[in-house]
2 protein chains.
Amino acid sequence: MKIGILGYGNLGKGVELAITQNPDMELVAIFTRRDPDKLNINSDAKVVHISDIKNWKDKIDVLIICSGSASDLPEQTPEYVKYFNVVDSFDTHAKIPAHFENVNKSAKENNHIAIISAGWDPGMFSLNRVYANAILPNGKDYTFWGKGISQGHSDAIRRIEGVKNAKQYTIPVEEALQAVRSGQNPVLTPRQMHIRECFVVVDENADKERIENEIKTMPNYFEPYDTIVHFISEEELEEKHSGIPHGGFVIRTGETAGSKKHVVEYSLKLDSNPEFTSSVLVAYARAIYRLFNEGQTGCKTVFDIAPKYLSLKTDEELRKEML
Amino acid sequence: MKIGILGYGNLGKGVELAITQNPDMELVAIFTRRDPDKLNINSDAKVVHISDIKNWKDKIDVLIICSGSASDLPEQTPEYVKYFNVVDSFDTHAKIPAHFENVNKSAKENNHIAIISAGWDPGMFSLNRVYANAILPNGKDYTFWGKGISQGHSDAIRRIEGVKNAKQYTIPVEEALQAVRSGQNPVLTPRQMHIRECFVVVDENADKERIENEIKTMPNYFEPYDTIVHFISEEELEEKHSGIPHGGFVIRTGETAGSKKHVVEYSLKLDSNPEFTSSVLVAYARAIYRLFNEGQTGCKTVFDIAPKYLSLKTDEELRKEML
């Protein structure tokens, strides 16, 4: 299976790594908007400028698009599914239906297959919500994120005047987790579910009091939460907070018709958010390639794909070893 | 969707209950080997002797077979898939490949569809093993069961001379769970993973010392574990141990190619093992009925079925609300 990567940021680098753990895959090309001669990569793949991507139309089985959800994916996924089978990790939840329609139309017109939103949330978390809801129709869903770095919240802090750099950890509130697991079906405010802890590097002579206040009162991002702000040095930020951990919990509590309570919980603890997300993308690249070979086209999500298509094992091996 | 139940034990009663939570389903008949006139059920379904089951061939969309794995399901599932689409919860892991072949052959010859081994282990636990293995090919799987009642172990105690009744709880060892979650990849013996706690009612004047010794030294069942034995009265057993709770943990720890560690954990905490298992069976009854209407036949497992087929929601609703 010949794989191409579009975009060589954290996620693209993660896909490059993940492919080395999957012996049925070969990374043939990395496409970039930057100058290919100046891109140092960690594999033998060809580095190709994005303007040449159409020349690779028949040389790649699946293109994994590793761009951002804000402005790139809504343009790129419907465009490149004209030439390739594609995978993306589009994660702007509210815009998924519109993105799906665009990608589906383009994929069907060009007899290709795509999967969108294939990461962990959306992705593995979504899957677990659907399974648990189907089994326990009478129940309540909870999603907790963290402990982990929120890129969006870190960026929001960096935009404040006087801030040089910042990392923000989203942390689930332990008492809320316990209340949910106990089957109490609590109604929880954002403040009761998550804490926001910020590590901030500021310019010399910056007004820390003003900055802390601007963070804590920022609408949507920080105002609805208990927020902790630490001012630290650039060196300490680099030393202690340069990782990109994340994770979280999807819990459904429900009652069956005999008034019995049940708790279904799925959780992830990830040392590297991009390395895990890219491992999901790679598994779904395998899945859509197989579905394409069965004659399927159009846009898919994780809900449309049977688990066996993700696995390196044969159906017989799966039944024998994993069932 | 018209549903039939074969077998009216704990699991059959659970299916009868679960159907009341699924508005697209109607329970039309319960088939039994007992005298139908003497069976008191909790619904308006017809109670029918198993000898008349073939007369219901065209009146039922899916037959959920709620019999035991030891001797009934290996006979019944291949037999009744001749006349119906069927679901079972066959759970003798080592015999699944043979059971699959028998059911698959019979289903294909008669243009029906079946799903076998659709519970939580095998079932939801198996699913989570496959997803986690596909995403983290370099890693290690752990399954812990409990805290919950093991029917097989309780039965084994009841066969000892002088024992009137018994319940056995399988309990995961907390330190082992923590070691696994921490990503240490421990190699664990059965004794290190699970404790077996037994509540035993004995005949008057029975030799408790002999009975405790027979339990603790029973090969395979108890000898490889730390076993705790409590002798209690029939009244206390009834009062404190008449529930059928169960659950467990499926954990995969793995390393991506950038040497980053990840932990994927799925857990169930069930107040009623049969009510939860039957809720899974009902969701998969929906799934195979839909696949049958798409023209599919033969035997399936949870690995072959895309998550959307289990859900009451439309594809559009799933993408909008659950992704």
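See above for the structure.
The present account deals with the structure reproduced in this document.

Thresholds, definitions, all that
Residues numbered from 1 in each chain as written. Chains lettered and ligands numbered in written order. Predicted model: local features only at pLDDT ≥ 70, side-chain atom pairs only at ≥ 80, totals over all residues. Heavy atoms only, no water. Axes fitted to C-alpha atoms, helices over the stretch in contact; angles between N-to-C directions. Helix = DSSP H or I, 4+ residues; strand = E, 2+ residues; numbered from the N terminus. Parallel < 35°, antiparallel > 145°, perpendicular 65-115°, else oblique. Left-handed = near helix turned anticlockwise from the far one by under 90°. Contact = heavy atoms within 4.5 Å. Nonpolar A, V, L, I, M, F, W, Y, C, P; charged D, E, K, R; others polar. Core = buried A, V, L, I, M, F, W, Y, C linked by side-chain atoms within 4.5 Å. Buried < 20%, exposed > 50% of the residue type's maximum accessible area, 1.4 Å probe, protein only. Patch = residues over 30% accessible without salt bridge, like charges linked within 9 Å, V, L, I, M, F, W, Y side chains within 5 Å. Areas by Shrake-Rupley, 256 points an atom, 1.4 Å probe, with all protein chains shown as cover. Salt bridge = Lys/Arg side-chain N within 4 Å of Asp/Glu carboxyl O. Lys, Arg positive; Asp, Glu negative; His and termini not counted. Charge placed at Lys NZ, Arg CZ, Asp CG, Glu CD. Buried area = accessible area lost by both parts, 1.4 Å probe. Polar contact = N/O pair within 3.5 Å; in protein donor to acceptor, adjacent residues only side chain to side chain. Phe/Tyr/Trp six-rings, centres within 6.5 Å; stacked < 30°, edge-to-face > 60°. Least-squares fit on C-alpha atoms with pLDDT ≥ 70 in both.

1. Quick notes on the packing of helix α2 (residues 72-80) of chain B against helix α3 (residues 96-109) of chain B
Residues and elements named next belong to chain B.
Move 1: For the pair α2 and α3, interaxial distance at closest approach is 8 Å and the crossing angle is 20°. Here α2 is positioned roughly parallel relative to α3, judged by the angle of their axes. At the point where α2 passes α3, the crossing takes the right-handed sense. Along its contact with α2, which presents Leu 73, Pro 74, Thr 77 and Pro 78, the element α3 presents His 99, Asn 102, Val 103 and Ser 106.
Move 2: Class assignment of the residues belonging to the contact of α2 with α3 gives a composition of four nonpolar, four polar and no charged.

2. Thoughts on the nonpolar core
Move 1: Membership of the largest hydrophobic core comes to 159 residues, with the highest contact counts inside it found for A:Ile64, A:Tyr80, A:Tyr284, B:Ile64, B:Tyr80 and B:Tyr284.
Move 2: Apart from the residues within four sequence positions on either side, A:Tyr80 is in contact with A:Leu6, A:Ile50, A:Ile53, A:Leu63, A:Ile65 and A:Val86.

3. Overview of a negative patch on the surface
All names here are of chain A.
Move 1: Taken together, the side chains of Glu 234, Glu 235, Glu 238 and Glu 239 define an acidic patch exposed on the protein surface.
Move 2: Following the sequence through the fold, Glu 235 ends up in helix α9 (residues 234-240).
Move 3: Glu 235 sits in the exposed class, given a relative accessible area of 57%.

4. So, the interface of chain B and chain A
Move 1: The interface of chain B with chain A comprises 67 residues on the first partner and 67 residues on the second.
Move 2: For the pair chain B and chain A, the summed buried area comes to about 5,800 Å², and 65% of that belongs to carbon and sulfur atoms.
Move 3: Of all residues in chain B, B:Ile135, B:Arg319 and B:Leu323 give up the largest surface area on contact with chain A, accounting jointly for 14% of the area buried on that side.
Move 4: Joining chain B to chain A, the criterion identifies 23 residue pairs in polar contact (both at pLDDT 80 or more).
Move 5: Put simply, the parts of the chain that give the side of chain B that touches chain A at least two residues each are α3, α4 (124-135), β13 (261-270), α10 (273-293) and α11 (315-322) of chain B.
Move 6: Grouping the constituent residues of the side of chain B that touches chain A by class yields 32 nonpolar, 19 polar and 16 charged.

5. Points about the environment of B:Gly4
Residue and element names in this part refer to chain B.
Move 1: Looking at where Gly 4 falls in the secondary structure, it is placed in strand β1 (residues 2-6).
Move 2: Judged by its relative accessible area of 0%, Gly 4 falls in the buried class.
Move 3: In this structure, the C-alpha to C-alpha distance between Gly 4 and Ile 30, residues 26 residues apart in sequence, is 5.8 Å.
Move 4: Excluding anything up to four places from it in sequence, Gly 4 contacts Leu 27, Ala 29, Phe 31, Ile 60, Val 62, Leu 63 and Ile 64.

6. Observations regarding the packing of aromatic side chains
Residue and element names in this part refer to chain B.
Move 1: One pass over the structure, following the stated rule, counts nine aromatic pairs over all chains.
Move 2: Pairing Phe 31 with Trp 56 gives two aromatic rings, centres 5.9 Å apart and planes at 80°, and the pair type is edge-to-face. Taken as a pair, Phe 31 in strand β2 (residues 26-32) and Trp 56 in the loop between β3 (46-49) and β4 (62-65) lie far apart in primary sequence, 25 residues in all.
Move 3: According to the relative accessible area criterion, Trp 56 is buried, its value standing at 14%.

7. As for the side chain of A:His112
Residue and element names in this part refer to chain A.
Move 1: Mapped onto the elements, His 112 comes out in the loop between α3 (96-109) and β6 (113-115).
Move 2: Residue classification places His 112 among the buried positions, given a relative accessible area of 10%.
Move 3: Sequence-distant contacts of His 112, defined by excluding residues within four places in its chain, comprise Lys 57, Val 81, Lys 82, Tyr 83, Phe 84, Asn 85, Ala 107, Phe 292, Thr 297 and Gly 298.

8. Here we look at the relation of the copies chain B and chain A
Move 1: Mapping chain B onto chain A leaves a residual RMSD of 0.0 Å; the transformation is a rotation of 180° accompanied by 0.0 Å of translation along its axis. Such a turn and shift between the copies fits a two-fold axis. Taking the C-alpha atom as reference, chain B places B:Ala306 closest to the rotation axis, 1.9 Å from it.
Move 2: A share of 100% of the interface residues of chain B reappears at the interface of chain A, consistent with the copies meeting face to face through the same patch.

9. A look at the pattern of salt bridges
Move 1: Following the criterion strictly, the structure yields 34 salt bridges over all chains and no others.
Move 2: A salt bridge links A:Arg191 to A:Asp226; its shortest N-O distance comes to 3.0 Å. One end of the pair, A:Arg191, is in helix α7 (residues 190-193); the other, A:Asp226, is in strand β11 (residues 226-231), and 35 residues separate them in sequence.
Move 3: By relative accessible area, which is 35% here, A:Arg191 ends up partly exposed.
Move 4: Between B:Arg158 and B:Asp155 there is a salt bridge whose closest N-O contact spans 2.5 Å. Taken together, the residues B:Arg158 and B:Asp155, both in helix α5 (residues 151-158) and three residues apart, mark about one turn of the helix.

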